[in-house]
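What the coordinates show
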4 protein chains.
Amino acid sequence: MPLKMSRDELQTFLVKAFPQVSDDFEVLTVNDAQITVRMAVSDRNLRPGGTVSGPSMFSLADVSIYLAILSRIGPKALAVTTNCSIDFMRKPESGRALVATARLLKLGRVLAVGDVLIYSEGGGQPVARAGLTYSIPPERA
Amino acid sequence: MPLKMSRDELQTFLVKAFPQVSDDFEVLTVNDAQITVRMAVSDRNLRPGGTVSGPSMFSLADVSIYLAILSRIGPKALAVTTNCSIDFMRKPESGRALVATARLLKLGRVLAVGDVLIYSEGGGQPVARAGLTYSIPPERA
Amino acid sequence: MPLKMSRDELQTFLVKAFPQVSDDFEVLTVNDAQITVRMAVSDRNLRPGGTVSGPSMFSLADVSIYLAILSRIGPKALAVTTNCSIDFMRKPESGRALVATARLLKLGRVLAVGDVLIYSEGGGQPVARAGLTYSIPPERA
Amino acid sequence: MPLKMSRDELQTFLVKAFPQVSDDFEVLTVNDAQITVRMAVSDRNLRPGGTVSGPSMFSLADVSIYLAILSRIGPKALAVTTNCSIDFMRKPESGRALVATARLLKLGRVLAVGDVLIYSEGGGQPVARAGLTYSIPPERA
C-alpha cells in the first residue's frame, strides 16, 4: 500500500494540528512497514529521579500510531484513540530522548490497530510496549 | 482495611512528590472502597476542538490508582505502573474539569490492581475507563 | 433505556447460537445497570491444582458483555469482540463455579464498551477483572 | 541468553503439564528471539460460521508466552498470567489451524512481558495481537 504522506508532510501536519506538543516530536522515518518517532524529553516529562513519566510514554505511543494511520489515509481524517494497553517494562534512561517504532497491523473501514515499542535513544531493550486502537470516522460528503 | 493516609495527607504528599503536576490534581474523597480525584483542565491538556487529550486522561487514571494504593500502604513505598489498559468512550465536555472514581481491587505483596471511571465534572456518563497494575517494590531494610 | 431481551430470552438465545458452550453458562439476573452470569466449572476448564483456566475466565467475561449488549439491542445483531484486557488477580477457589457481574459503559453506533468483575461463587473478592470492546456491524437492509 | 529448553523439551513438558489441551498445541520453532506455536482447530474451538472462538485465540497467545518463558527459565517455575490485552483484528479463515509468533520483551525477577501475533496458517495478515504479563513466583528453597 503506497504512502499518502511523506515524513516531511507528517511533520508539517503535526506542527499545524498540535502546536502545543509538536516541538516534542520528530518523525525520523516512515515506510510501508513502520514509522519511527522521536520524543525529546524536557523537564515537564520527568518524574522524581529523572525518569520519563508514564503519560509521556503514552503520548509518544499515541502520536506514533496516529501518524502511521495518517501516512496511509492522508491528512483529512480525524481518527480518535479508542483503546490503549501499555506495559511499562523498564525505567527509561535519565536524560535521554525516547524513540518509538510503530507498526500498523490493521487498517479497516472503521477501526485501525497498531503496536509500538519504545526505547531510550540508543538503548537496546524496549522500555515500554503498547497496542492501540483508533476509530476512523466516516468521511463527510 | 483501615486507611493509612487521609485525604489531606494524600494531597500534601502529591504536592511534595510531584510538584510539576500537583496543581492539576485534587483529592476529593477517600475511603475504604474508593477514591475520587479531580483534574483541572488547562490549555496544555487540550486538543483541537477543546477536548481533553488522551495522555491527560491517562495521567488522571494513573494518579488516582497511585493515591488509592498510598492510602492503604502509606507514603513510604515507591510503587510503579506496570500496565494500563484504557478505553476512551466519549468526548469530554469542553472546558470542564475531569473527575475520576477509582477502586483498588487487589493489593498483593508485589502487585496492586485497580480500575477507574472518568467523568466530565457534573456529567452522568463516563468518558473513559481504565484498569491499571502497579508493582510494589520490597521495602528496603 | 428499556431492555429488549429478558433473562429467559437471553438464555434461550445462548442455547441456540452457541450450543457448544451454552451448557456452561446461566444468566442469573439482567437489568438496566448490569447482568450477572454464572459459569459452571467442569474438568475441561481446569488447570493443574484444580484452578480455573485463564481462557475459561476470558470466555465468561466475553459472554457476559455479549449478553449485556444483546439485552439492549435485541437478538438480531452480530456483535464481535475487538478488544479484551483482562487482569487475573487471585486464584479461583477449587471446585467452585464462577459468577460474573458485567456493566455496559457505552453503547454507541459502532462500538460498545463494558467491564466485568469475576468472583468464585460465594466469594467476596474478585478473581479477575476485564474491560471489553465489541464492534456492532451495521444492520443489513 | 541461552535457551534452557529445546523445542522437544517444551513439547514434552506441555503434554505432561496440560494433558487436557496439549493435543491442540505444537511448538514449531523456538530460538533466542521468538517462539512459534501452532494450534489445531477442532469443533470445540469454533463459533457459528466456522470461525475460531476468541477464547481459543486467547488460549494460544497465553500458551505461547508461557512456553517462551519456560524456554528461558526451565521447567521448574510456576509462572501465572496476570494480564492479557488482546485485539481481534480479522476473522480467522474457516477450517485453518492458527500459528502464533511470540516474543519475550522482558524477563524480570518477578514479571515477564511478551507480545504475540496470531495468523491463520499460511495467511499473510495477523488475525489477532496480544500483550501478556506473567508473574514469576520466587523459587522455594
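Located above this text is the structure these notes cover.
Residues numbered from 1 in each chain as written. Chains lettered and ligands numbered in written order. Predicted model: local features only at pLDDT ≥ 70, side-chain atom pairs only at ≥ 80, totals over all residues. Heavy atoms only, no water.

Residues and elements named next belong to chain B. Taking 1.5 Å per residue, 20 residues should reach 28 Å; helix α2 (residues 54–73) reaches 29 Å between its end C-alpha atoms and fits that length. With 20 of its 20 residues buried, α2 lies for the most part within the structure. Positive phi shows up at Gly-74, right after α2, with a value of about 90°. (Helix = DSSP H or I, 4+ residues; strand = E, 2+ residues; numbered from the N terminus. Expected span 1.5 Å × (residues − 1). Buried < 20%, exposed > 50% of the residue type's maximum accessible area, 1.4 Å probe, protein only.)

Pairing in this open sheet of twelve strands is antiparallel, and the strands run β1(A)-β2(A)-β4(A)-β5(A)-β6(A)-β3(A)-β3(B)-β6(B)-β5(B)-β4(B)-β2(B)-β1(B) from one edge to the other. Only two strands of the sheet have a single neighbouring strand rather than two, namely β1 (25–30) of chain A together with β1 (25–30) of chain B. Across the sheet, the mean angle from the axis of one strand to that of its neighbour is 20°, orientation sign disregarded. Inspection of the sheet shows strand β3 (residues 80–88) of chain A paired to strand β6 (residues 128–135) of chain A by eight bridges, in the antiparallel sense. Bridge pairing links Asp-87 of chain A to Arg-129 of chain A in β6 of chain A. Sheet strands in contact with helix α1 (residues 7–17) of chain A are β1 and β2 (35–39) of chain A, and its direction is about 160° off that of β1 of chain A. Against the sheet, helix α1 (residues 7–17) of chain B engages β1 and β2 (35–39) of chain B, with an angle of about 160° to β1 of chain B. (Pairing = 2+ DSSP bridges. Axes fitted to C-alpha atoms, helices over the stretch in contact; angles between N-to-C directions. Contact = heavy atoms within 4.5 Å.)

With that settled, consider the pairing of strand β2 (residues 35–39) of chain C. Residue and element names in this part refer to chain C. In terms of burial, β2 is largely enclosed, as four of its five residues are buried. In terms of strand pairing, strand β1 (residues 25–30) meets β2 through five bridges, oriented antiparallel. Along β2, the bridge assignment pairs Thr-29 with Thr-36. From the end of β1 to the start of β2, which pair antiparallel, there are four residues. Looking at chain direction, β2 and strand β4 (residues 98–107) are connected through five bridges and run antiparallel. Paired with Val-37 across the two strands is Ala-100, which belongs to β4.

The operation relating the pair of chain copies consists of a rotation about an axis and a translation along that axis. Expressed as a screw transformation, the operator carrying chain D onto chain A has a rotation angle of 180° and an axial translation of 0.0 Å, and the superposed copies differ by an RMSD of 0.0 Å. Interpreted geometrically, this transformation is the action of a two-fold axis. The C-alpha atom lying nearest the rotation axis in chain D is that of Ser-85 of chain D; the distance is 3.3 Å. Taken as a fraction of all interface residues of chain D, those also at the interface in chain A reach 93%, which identifies the copy contact as same-surface. (Least-squares fit on C-alpha atoms with pLDDT ≥ 70 in both.)

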